[in-house]
Amino acid sequence: MNHLHLLLRPSVRCLRAVAARPARPVRLLSAGTDLQRTLGDMVKKDKVVVFIKGTPAEPMCGFSNAVVQILRMHGVENYAAYNVLDDQDLRQGIKEFSNWPTIPQVYLNSEFVGGCDILLQMHQNGDLVEELSKLGISSALAKAKKGESE
């Protein structure tokens, strides 16, 4: 069975609030905002939350692109994505919030997982399938492999 269409389908729900706006930077955070509480709310927005450079449709760096592609391979479509290039406060704030110096950053069920390298490792060793399952998300990649073995 050909599952390629599942892997190449674009993520439509990502950045749903930003999609209707013009392609200019959107200021998500301001200096007066309680940054830690705001970021805490952001990572709780969906079961899967990513902070990337660019958008899922147009990642602006190879590492962000890799995170988007890994999620796409697993059929994860319903996730919140935040473009850190739109807001310098967001870009710096998420690094401080997670105590992790780089972007992209991935959160599963409000818990910081890591960046591109860690997500790639989880993908390669099968841990990502297990973690997605805990969230009630069935990996399309696992389904495809199961179908091949039957």
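The sections below set out a description of the structure shown in this document.

Definitions and limits used
- Residues numbered from 1 in each chain as written.
- Predicted model: local features only at pLDDT ≥ 70, side-chain atom pairs only at ≥ 80, totals over all residues.
- Heavy atoms only, no water.
- Buried < 20%, exposed > 50% of the residue type's maximum accessible area, 1.4 Å probe, protein only.
- Helix = DSSP H or I, 4+ residues; strand = E, 2+ residues; numbered from the N terminus.
- Arc of directions from axis to C-beta.
- Axes fitted to C-alpha atoms, helices over the stretch in contact; angles between N-to-C directions.
- Parallel < 35°, antiparallel > 145°, perpendicular 65-115°, else oblique.
- Left-handed = near helix turned anticlockwise from the far one by under 90°.
- Contact = heavy atoms within 4.5 Å.
- Nonpolar A, V, L, I, M, F, W, Y, C, P; charged D, E, K, R; others polar.
- Pairing = 2+ DSSP bridges.
- Right-handed = clockwise from strand over helix to strand, strands pointing away.
- Salt bridge = Lys/Arg side-chain N within 4 Å of Asp/Glu carboxyl O.

What to know about helix α6 (residues 116–125)
Those residues of α6 that sit buried are C116, L119, M122 and H123. Seen end-on, α6 carries its buried residues on one side only, within an arc spanning 130°. More than 90 degrees from the buried face of α6, the exposed residues found are D117 and Q124. Phi turns positive one or two residues past the end of α6, at G126, with a value near 90°.

What to know about the packing of helix α4 (residues 62–73) against α6
Where α4 meets α6, the axes come as close as 9 Å, and the angle between the chain directions of the two elements is 30°. Here α4 lies roughly parallel to α6, going by the angle between them. Every pair of crossing elements has a handedness; the one defined by α4 and α6 is left-handed. Facing α4, whose interface residues are F63, A66, V67, I70 and M73, α6 presents C116, L119, L120 and H123. Taken together, the residues of the contact of α4 with α6 break down into 8 nonpolar, 1 polar and no charged.

Concerning the pairing of strand β2 (residues 80–83)
The two faces of β2 match: A80 and Y82 on one face and A81 and N83 on the other face are all buried. Here 4 bridges tie strand β1 (residues 48–52) to β2, and the two strands are oriented parallel to one another. Looking across to β2, one finds that F51 is bridged to Y82. You can see the chain leave β1, run along α4 and come back into β2, and the turn it takes is right-handed.

So, the pattern of salt bridges
Under the definition given, this model contains 3 salt bridges. A salt bridge links K134 to E130, with the nearest nitrogen and oxygen atoms 4.0 Å apart. With K134 and E130 both in helix α7 (residues 127–134), this residue pair falls 4 residues apart, about one helical turn. Overall, the relative accessible area of 58% leaves K134 in the exposed class.

Let's talk about the sheet that holds β1
Pairing is mixed across the open sheet formed by 4 strands, whose spatial order is β2-β1-β3-β4. Two strands in the sheet have a free side with no partner beyond their single neighbour: β2 and β4 (111–114). Pairs of neighbouring strands in the sheet enclose a mean axial angle of 25°, with direction left out of account. On the sheet, α4 packs against β1 and β3 (105–108) and is oriented at approximately 160° with respect to β1.

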